[in-house]
Amino acid sequence: MTAISWWVVGAIGVVVGGGVWLWLTAARLDRLHHRLDVAGESVHIQTARRRAAVLEIAGSGLLDGPESLLLVEAASAAYDDEAESRLSEVLRAVFDEPLATDDGAGRVLVDNLASACRRVQMARRFHNNQVASVRALRSTRLVRWFRLAGRAPHPQAIDLDDGVPPAFAGLDSGS
Amino acid sequence: MRPLRIGLVCPYSLDVPGGVQNHVRDLAECLLERGHEVSVLAPSEAESGLPAYVVAAGRAVPLAYNGSVGRLLFGPVATARTRAWLAEGNFDVVHVHEPAAPSLGMIAVGAAECPVVATFHMANPRSRLLSAASGILRPRLERLAARIAVSEAARQTVVQHCGGEPVIIPNGVYVERYRGAEAVEEWRGVEATVAFIGRVGEPRKGLTVLLEAMSLMNRSGLRLLVVGGGDPPDVPQGLDVRFLGPVDDATKARVLATADVYVAPNTGGESFGIVLVEAMAAGTCVLASDLPAFRAVLADGRAGATFPTGDAAALAVALGQLLDDPDRRARLRRAASVRVTSFDWSTVASRIEEVYDTVALR
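Residues numbered from 1 in each chain as written. Chains lettered and ligands numbered in written order. Predicted model: local features only at pLDDT ≥ 70, side-chain atom pairs only at ≥ 80, totals over all residues. Heavy atoms only, no water.

(A) View of the state of the cysteines. If you walk through the whole model with that rule in mind, you get 0 disulfides over all chains. As a non-bridged cysteine, Cys10 of chain B has Cys30 of chain B as the owner of its nearest cysteine sulfur, 17 Å distant. (Disulfide = S-S within 2.5 Å.)

Pasting the structure below:
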């Protein structure tokens, strides 16, 4: 073959290889976006469950009147990150130390709420990990040049106070 | 919690004892007991004689990776078997262990369609290998829906090299299996008994530090019980050391119950310190080197004593004081018996279920 046809073969190779790379990267980005949606959905589910657990405990008579009222108010506000942050704050104020109850049903309610608080924290953390992964890939040059992200919105980290009350704190090896 | 179909992936052979393997086996049994459907994919030499929930993925090869020798499994056959297992299991969530090791975990992360949770056991924040492999690991590990680290040290390793912020959930122990284990009179020393547990020939387990400390103490009637495989090192003249070899968990519990003090003289590379928790559960006073992982398990010295890592002279002093002070030992044991409940499988498995619940939406 002549030199010219080698150049043509080489050029076709580069184009095909580049195309495959673009296709794979687009698929990878698509999966990342999908997982991000799932993680965002999980944050909504877990915050909704936490509200339900709060309302349940507030209506159970396990706590004193003022505490129950505070909890009901915080858990009934319209949903947004700010309201969730406020709920976390109220929970920390109410459950600042372990609740001593020998009542079995009460114990279940408290454990349920503690678990719900920890799950909100986890879900948000896992979501924001996904945000970081999407952003990292979307910020690479080739992904930007070829607009592989399409019209998918730029991912935003969920910024809310999810601090778990000390009495419910997660198992960390430190404390 | 609603029952889930859970696939666990263990990177190392279950036939060979080890921290990760024990963790996976205990977790599988605990989850089964809680009503989940569980299947464990693991390398195995034998096709038969495995628990019913284990699927053997083939024969692993012993290879050094990241500072220790593990039996790893990889290659096209392992990949095909992993895919077949995933298809067959139709899992709600797959939970891989040690996904940064070149073995089944990494394969499963790449192949699974369902949400994948990963537990990182290793603690090696300054690993040169992991720094170099970062470019290989990160794109693979971006597929993880959730990351768990077994300790603060393991968490730092993940953040440094693999990306993403994990939650810390410690390794579990069946506290009941250790609590109330009976002492064996014939193993007891004349005056006092000390126990060491760990692979005998592995320098980082620190047996030589302990032997040196005992030589310095020059205390009569003090016996050392050593549990663990490997060739025993030369024992300095005049020391009373009894090598019991590798033993099963029940015997290990009895060794711990026989000892006045369990010493963990490890010199580094420890991510968690499960044996410390086992000793605490057995009601044995713990004296450990002050590695960050050990300090964390011992609640910064409240649930067990510590000494400067690798310092035989300091160990000799600390051990002597502890043996002479039964009140202090009792105080530490009491604190430890409260502390271990956080590491009991009943607590640990609930935390892991919470992670599954946040990622498995079906």
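(B) Spatial organisation of unusual backbone geometry. All names here are of chain B. Unusually for a residue other than glycine, Glu98 sits at a positive phi of about 50°. At Asn218, a residue that is not glycine, the phi angle is positive and equals roughly 50°. Inspection of the secondary structure assignment puts Asn218 in the loop between helix H7 (207-217) and strand S11 (222-227). (Helix = DSSP H or I, 4+ residues; strand = E, 2+ residues; numbered from the N terminus.)

(C) Region of interest: the sheet that holds strand S1 (residues 5-9) of chain B. All names here are of chain B. Spatial ordering of the open sheet is given by S3-S2-S1-S6-S7-S8-S9, a layout of 7 strands whose pairing is parallel. Each edge of the open sheet carries a strand with a single partner, namely strand S3 (54-56) and strand S9 (167-168). Sheet topology note: the strand S2 (residues 37-42)/S3 ladder contains 3 bridges and is parallel. The partner of Val40 across the bridge, within S3, is Val54. Against the sheet, helix H13 (residues 345-359) makes contact with S1, strand S6 (93-97), strand S7 (116-120), strand S8 (146-149) and S9, and its axis sits at roughly 130° relative to S6, the strand it touches most. (Pairing = 2+ DSSP bridges. Contact = heavy atoms within 4.5 Å. Axes fitted to C-alpha atoms, helices over the stretch in contact; angles between N-to-C directions.)

(D) Here's a closer look at the interface of chain A and chain B. Opposite the 26 residues of chain A that make contact, chain B presents 29 residues. Each partner contributes to the roughly 2400 Å² buried at the junction of chain A and chain B, and carbon and sulfur atoms together form 51% of this total. Across the chain A-chain B interface, the total number found is 4 salt bridges. For Glu142 of chain B, the salt bridge goes to Arg28 of chain A, with nearest N and O atoms at 2.6 Å. A class-by-class count of the residues in the side of chain A that touches chain B yields 8 nonpolar, 9 polar and 9 charged. (Buried area = accessible area lost by both parts, 1.4 Å probe. Salt bridge = Lys/Arg side-chain N within 4 Å of Asp/Glu carboxyl O. Nonpolar A, V, L, I, M, F, W, Y, C, P; charged D, E, K, R; others polar.)

(E) The arrangement of the packing of aromatic side chains in detail. All names here are of chain B. For the structure shown, the criterion picks out 4 aromatic pairs over all chains. On the numbers, 4.7 Å between centres and 45° between planes, the contact of Trp85 with Phe91 is tilted. Each member of the pair Trp85 and Phe91 is classed as buried. Note on Tyr174 and Trp345: the rings are 6.3 Å apart at their centroids and 45° apart in plane angle, and the pair reads as tilted. Highlighted residues: Tyr174 in the loop between S9 and helix H6 (175-178) and Trp345 in helix H13, separated in sequence by 171 residues. (Phe/Tyr/Trp six-rings, centres within 6.5 Å; stacked < 30°, edge-to-face > 60°. Buried < 20%, exposed > 50% of the residue type's maximum accessible area, 1.4 Å probe, protein only.)

(F) Spatial organisation of helix H2 (residues 65-76) of chain A. Compared with an ideal rise of 1.5 Å per residue, which puts 12 residues at 16 Å, H2 of chain A spans 16 Å between its outermost C-alpha atoms and is within 8% of the ideal. Buried residues along H2 of chain A sit against helix H1 (3-58) and helix H3 (81-94) of chain A. (Expected span 1.5 Å × (residues − 1).)

(G) Broad picture of the side chain of Glu142 of chain B. Relative to the helices and strands, Glu142 of chain B resides in the loop between helix H4 (128-141) and S8. Of the polar contacts made by the side chain of Glu142 of chain B, one reaches the side chain of Arg28 of chain A; its length is 2.6 Å. Ignoring any residue separated from it by four or fewer positions in sequence, one finds Glu142 of chain B in contact with Arg28, Leu32, Arg35, Gln130 and Ser133 of chain A together with Arg147 of chain B. (Polar contact = N/O pair within 3.5 Å; in protein donor to acceptor, adjacent residues only side chain to side chain.)

(H) Just a nonpolar patch on the surface, in detail. Residues and elements named next belong to chain A. Residues Ile4, Val8, Ile12, Val16, Val20, Trp23 and Leu24 make up a contiguous nonpolar surface patch of about 730 Å² in total accessible area. Along the polypeptide, Trp23 turns up in helix H1. Since its relative accessible area comes to 62%, Trp23 is described here as exposed. (Patch = residues over 30% accessible without salt bridge, like charges linked within 9 Å, V, L, I, M, F, W, Y side chains within 5 Å. Areas by Shrake-Rupley, 256 points an atom, 1.4 Å probe, with all protein chains shown as cover.)

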